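Examination of the molecular architecture
Spelled out from the first residue to the last, the chains are:
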Amino acid sequence: MRFDRVALGPVRAAARSSRGIFEGEAEKAIDALLAGPLPEAVGRSLIEHRVLERVASEMVEASAAKDGQQHLEALTAQVVESPAFKRALADVLTSPEVRHALTAQTAGFGEDVALAVRTRLERLDDRIPRKPSEQTRAFGGAASRGVGLVIDAALAQLAYLAVAGSLALVLDLAGGLRQGAIAGGLFGAGWFVVTGIYFVLFWSSTGQTPGLRLTRLRVITASGASPSLLRSLVRFVGLILAIIPLLAGFLPVLFDDRRRALQDFMAGTVVVRERT
């Protein structure tokens, strides 16, 4: 250890002496730099370019924006969760004005869809099987009448299912008529009665079933009036007879000038197209 100290002593002394000299020279250089015009030039540049003001302004704005945003978010959440806001929102959504606007929008959309469907059906009527005359175009064609019949059949079936379900529930509670043949006959007769009432009432009252109303068709007699109850009943029987042989009773619609089907020949009616 002594040998190391003796051997390295001059080196360490020289290093300390060199460091002291370097530090002294650095201090002198810094003093000379600060004593020169550089500090004043830097100060003038900072003032001319308003560096300190911009930095301070940006710091204030950033802090204010952050605090303001947090305050606004908290205030918004408080307002939205308040019972008064919820009551006001419910009053607005259930107001007559909003309901009227929604109803008008829905009705307008439904009318646009129905108009597009009727237009396509009319074009299809004119293509089956040949180009019709102007007189023939006044009557409902095969496509329009077919779509109307499908809609009416579906609605009549729903009405029958409702009646049959109620009747089945009553019979089950009464515990009678459990025999299959009798029950089947009653339900078959019930289908005929319910479906007949559906078509006869609509034809005799307004000349239009819901399906015919959608396709803008109307059943009328030679006098232009809606068919009577008896004539509507005959027309319903003719409709059943037209459907039984695989819809063969509708073939005259393709060739007759007034586009009449079997039920129209039997009841003396025609199906005219309404124009708006």
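As shown above, the structure is provided for reference.
These figures come from a predicted structure and were not determined experimentally. Position numbers for residues count from 1 along each chain, tracking the sequence in the order it is written. Where totals are concerned, whole chains, interfaces and linings use all residues; where local detail is concerned, this predicted model gives features only for residues with pLDDT of at least 70, and gives and counts side-chain atom pairs only at 80 or more. The basis for the side-chain values is all heavy atoms of the structure; hydrogens and waters are excluded.

1. Observations regarding the layout of surface pockets
- The way it works is a 1 Å grid over only the protein atoms, where trapped points that fit a 1.4 Å probe form a cavity and open points with protein on both sides within 12 Å along at least five of seven lines form a pocket, and then any residue with an atom within 4 Å of a point lines it. Grid points are joined across faces, edges and corners, and a volume is the space filled by probe spheres set on the points. Size it by volume and the largest pocket reaches roughly 500 Å³.
- What lines the largest pocket is a set of 29 residues, and nearest its centre among them are Arg145, Leu149, Leu239, Ile243 and Phe250.
- Mapped onto the lining of the largest pocket, the elements with two or more residues apiece are α6 (142-174), α7 (180-205) and α9 (229-243).
- Secondary structure elements are defined from DSSP: runs of H or I of at least 4 residues count as helices, runs of E of at least 2 residues count as strands, and each element is numbered from the N terminus. Looking at the lining of the largest pocket, the element that brings in the most residues is α6, giving 10 residues.
- Just so you know the grouping, Ala, Val, Leu, Ile, Met, Phe, Trp, Tyr, Cys and Pro go in nonpolar, Asp, Glu, Lys and Arg go in charged, and all remaining residues, Gly too, go in polar. In the lining of the largest pocket, the residues fall into 20 nonpolar, six polar and three charged.

2. Remarks on a nonpolar patch on the surface
- Each patch groups residues whose relative accessible area exceeds 30% and which form no salt bridge, using 9 Å between like charges and 5 Å between nonpolar side chains of Val, Leu, Ile, Met, Phe, Trp and Tyr. In these tables, accessible area is a Shrake-Rupley quantity obtained with a 1.4 Å probe, and a residue counts as shielded only by the protein chains included in the view. Within this document, salt bridges are pairs made up of a side-chain nitrogen of Lys or Arg and a carboxyl oxygen of Asp or Glu, the two lying within 4 Å of each other. On the surface, Leu230, Leu233, Val234, Val237, Leu241, Ile244 and Met266 cluster together into a nonpolar patch covering about 600 Å² of accessible area.
- Here the nonpolar patch takes five residues from α9, the largest share from any one element.
- Looking at where Val234 falls in the secondary structure, it is placed in helix α9.
- Judged by relative accessible area, Val234 falls into the partly exposed class, the value being 30%. Think of it in three bands: with a 1.4 Å probe and only protein chains considered, a residue is buried below 20% of the maximum accessible area for its type, exposed above 50%, and partly exposed in between.

3. Details of the packing of aromatic side chains
- Side-chain rings of Phe, Tyr and Trp, where Trp is taken by its six-membered ring, are said to pair if the distance between their centres is within 6.5 Å; with planes under 30 degrees apart they count as stacked, over 60 as edge-to-face, and otherwise as tilted. Taken as a whole and judged by the stated rule, the model has five aromatic pairs.
- Geometrically, the ring pair formed by Tyr198 and Phe202 is edge-to-face, given 5.0 Å between the ring centres and 70° between the ring planes. With a gap of four residues between them, Tyr198 and Phe202 both fall in helix α7, about one helical turn apart.
- For the pair Phe199 and Trp203, a centre-to-centre distance of 5.2 Å together with 50° between the ring planes defines the contact as tilted. With Phe199 and Trp203 both in helix α7 and four residues apart, this pair spans about one turn of that helix.
- By relative accessible area, which is 3% here, Trp203 ends up buried.
- A connected cluster of aromatic rings, assembled from ring pairs, spans Phe192, Tyr198, Phe199, Phe202, Trp203 and Phe236.
- Lying across the ring of Trp203, Arg235 places its NZ or CZ 4.6 Å from the centre. Here, over-ring charges are defined by two tests on the NZ atom of lysine or the CZ atom of arginine: distance to the ring centre within 6 Å, and angle to the ring normal within 35 degrees.

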